[in-house]
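The residues making up each chain are set out below.
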Amino acid sequence: MSRLLLIQAHPDHDTPHLCHALADAYAEGARAAGHELRMLDVAALDFPLLRRPRDWLEGEVPAGLRGAQDDIRWAQHLVFFFPLWLGDMPALLKGFLEQIARRGFAFEPEAGNPLGRKLLGGRSARVVVTMGMPALVYRWVFRAHSVKALERNILGFVGIGPIHETLVGSVDGLGEAGVARWCTKLRTLGRRGA
């Protein structure tokens, strides 16, 4: 059994969205299979955006995010859920990642290594992204550029891998049957801890 951390990164946590239904389905499957599970709702956290490089290099992680770092340390597999907004992850998720991915937690400078030592190795991830456009258009026309940037420039940079994607496109036309199909897929992934 694995230790799974589900990171709900939809910025609106007051209204149920497809991201929430998918995360719930994943959690249901994970619990049924006996995985240990924690859930983190980024929109429920209180933290400022970083405005200066010095704040990131020398500042303290906001008190409200220390628990999130503890959850990431605990986890063996991270699952991110977010909608594609203006072709990218929502700003709230980016701000969250900027705050928590600090020196001493996510990486450590190392003499002779310009990229430093990756401190979050030994963890895998899945990125679940919902979007209005067809997923094939996002993947093949736009080259899934923002998901690839998240995987390479943030998660991979700190040692998380392998990273898998679940792209849910054309969400406005899914209907109840389409949502049910996707929830079934996520429930299966949750059972596998994948």
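What this report covers is the structure whose coordinates are included nearby. What you see as residue numbers is a count from 1 along each chain, following the sequence as written. The predicted origin of the model limits local features to residues at a pLDDT of at least 70 and limits the giving and counting of side-chain atom pairs to 80 or more, whereas totals for whole chains, interfaces and linings rest on all residues. For the side-chain quantities, the full set of heavy atoms in the structure was used; hydrogens and water were omitted.

1. Comments concerning the layout of surface pockets
Definitions used for this entry: grid spacing 1 Å over protein atoms alone; cavity, a set of points where a 1.4 Å probe fits but cannot get out; pocket, an open set with protein on both sides within 12 Å along at least 5 of 7 lines; lining residue, one with an atom within 4 Å of a point. Grid points are joined across faces, edges and corners, and a volume is the space filled by probe spheres set on the points. As a volume, the largest pocket reaches approximately 190 Å³. Surrounding the largest pocket, W56, K94, L97, E98, A101, F107, N153, I154, F157 and V158 form its lining. Only DSSP runs of H or I with at least four residues qualify as helices, and only runs of E with at least two residues qualify as strands; both kinds are numbered from the N terminus onward. Secondary structure elements with two or more residues in the lining of the largest pocket: α4 (91-100) and α6 (145-155). Its residues placed into classes, the lining of the largest pocket shows 7 nonpolar, 1 polar and 2 charged. Note on residue classes: Ala, Val, Leu, Ile, Met, Phe, Trp, Tyr, Cys and Pro are nonpolar, Asp, Glu, Lys and Arg are charged, and everything else, Gly too, is polar.

2. Let's talk about the environment of R126
Along the chain, the position of R126 falls in strand β6 (residues 124-130). For R126, a relative accessible area of 6% translates into the label buried. Considered as a pair, R126 and N113 are 13 residues apart in the sequence and their alpha carbons are 28 Å apart. Should any heavy atoms of two residues lie within 4.5 Å, those residues are considered in contact. Dropping the residues within four chain positions of it, R126 is found in contact with H77, L78, V79, F80, H164, E165, T166, L189 and A194. In protein, a polar contact means a hydrogen-donor-capable atom and an acceptor-capable atom, both N or O and within 3.5 Å, with residues adjacent in sequence counting only if both atoms are side-chain atoms; elsewhere, any N or O pair within 3.5 Å suffices. There is a polar contact of 3.4 Å between the side chain of R126 and the backbone oxygen of E165. Each residue's exposure class comes from its accessible area (1.4 Å probe, protein chains only) as a fraction of the maximum for that residue type: buried when under 20%, exposed when over 50%, partly exposed otherwise.

3. Some points on the environment of R192
Of note, R192 is situated in helix α7 (residues 175-192). Looking at R192, the relative accessible area reads 56%, which means it is exposed. In this structure the C-alpha to C-alpha distance between R192 and A33, which are 159 residues apart in sequence, comes to 7.6 Å.

4. Quick word on the packing of aromatic side chains
Between 30 and 60 degrees the pair is tilted, below 30 it is stacked and above 60 it is edge-to-face, where a pair is any two Phe, Tyr or Trp rings, Trp via its six-membered ring, whose centres lie within 6.5 Å. Counted according to the given criterion, the structure contains 4 aromatic pairs. Aromatic pair W56 and F107: ring centres 5.6 Å apart, planes at 20°, arrangement stacked. Remark: F107 occurs in strand β4 (residues 107-110) and W56 occurs in helix α2 (residues 53-58); sequence separation between them is 51 residues. Following the ring pairs from residue to residue traces out a cluster consisting of W56, F107 and F157. Think of it as a cone above the ring: NZ of Lys or CZ of Arg counts as a charge over the ring if it is within 6 Å of the ring centre and within 35 degrees of the ring normal. Positioned over the ring face of W74 is R38, at 4.1 Å from the centre of the ring.

5. Structural notes on empty space enclosed by the protein
Counted under the stated rule, the structure contains 1 cavity of 30 Å³ or more. The calculated volume of the largest cavity comes to roughly 100 Å³. Around the largest cavity sit 13 residues that line it, and L97, I100, L120, L155 and I160 are the ones nearest its centre. Secondary structure elements with two or more residues in the lining of the largest cavity: β3 (77-83), α4 and α6.

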